[in-house]
Amino acid sequence: MPIWSWGAGASKIKQADLKRQQANVRIELRAAPPAADLRSFYDETGTLRAQLELLSQTAELASDSLRLTTLRYQAGEATVLEVVDAQNTLTQSRNAYDDGQVRFQVALANLQTLTGRF
């Protein structure tokens, strides 16, 4: 048994302490991204909900526009091109609304991944 270890024992204690600190830092870093992601997903979900309401209103307006344009066409005051344009606008607004619903559901699923179902 050596009497003088040239600091090997102190070095092993220091290494163990550094490994413990490194493990604590890794644990903290693993916990930090979900907390940041939670706020980001929450904000994104709120933004998409507001956007979904606007897209819904746009689809309703496009539907009313098509109805009015069709009535004008039946009265002989509009051309068939105006009716087709109104139909295209309605289709595009409905597609945008459907895309918005998908984006909202994905954001909601991301949020629920971190928080659980609510």
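Each chain carries its own residue numbering, running from 1 in the written order of its sequence. Only residues with pLDDT of at least 70 get local features here, since the model is predicted, and only at 80 or more are side-chain atom pairs given and counted; chain-wide, interface and lining totals rely on the full set of residues. The basis for the side-chain values is all heavy atoms of the structure; hydrogens and waters are excluded.

Chemist: Tell me about the overall build of the protein, and name the residues and values.
Modeler: Scanning the protein from N- to C-terminus turns up two helices and zero strands. Any residue under 20% of the maximum accessible area for its type is buried, any over 50% is exposed, and the rest in between are partly exposed; the area is computed with a 1.4 Å probe on protein chains only. For the protein, buried positions account for 17% of its 118 residues. Using the Shrake-Rupley algorithm and a 1.4 Å probe, accessible areas are obtained, with residue cover drawn only from the displayed protein chains. With the model as given, the accessible surface of the protein reaches about 9300 Å², and the carbon-plus-sulfur share is 58%. Only DSSP runs of H or I with at least four residues qualify as helices, and only runs of E with at least two residues qualify as strands; both kinds are numbered from the N terminus onward.

Chemist: Any details on helix α2 (residues 80–115)? Residues and values, ideally.
Modeler: Between its first and last C-alpha atoms α2 spans 52 Å; for 36 residues at 1.5 Å apiece the expected length is 52 Å, and the two agree. Along α2, the positions that sit buried rather than exposed are V83, A86, L90, S93, G100, F104, A107, L108, L111 and Q112. One or two positions beyond α2, positive phi appears at G116, with a value near 90°. In this scheme, a helix's expected span is set at 1.5 Å multiplied by one less than its residue total.

Chemist: Outline the pattern of salt bridges, supporting the account with residue identities and numerical values.
Modeler: Any carboxyl oxygen of Asp or Glu that lies within 4 Å of a side-chain nitrogen of Lys or Arg is treated as forming a salt bridge with it. What the rule picks out here adds up to three salt bridges. The partner of R39 in a salt bridge is D43, with the nearest N and O atoms 3.6 Å apart. Of this pair, R39 and D43 are both found in helix α1 (residues 8–74), four residues apart, which corresponds to roughly one turn of the helix. Accessibility expressed as a relative area gives 37% for D43, which makes it partly exposed.

Chemist: Mind laying out the environment of N88, listing which residues take part and the relevant values?
Modeler: Along the chain, N88 turns up in helix α2. Classification of N88 as partly exposed rests on a relative accessible area of 42%. For the pair N88 and A62, spaced 26 residues apart in sequence, the C-alpha separation works out to 9.3 Å.

Chemist: Can you lay out the environment of T70 for me, pointing to particular residues and giving the numbers?
Modeler: Assignment of secondary structure puts T70 in helix α1. Through-space distance from the C-alpha of T70 to that of A86 is 8.7 Å; in sequence the pair is 16 residues apart.

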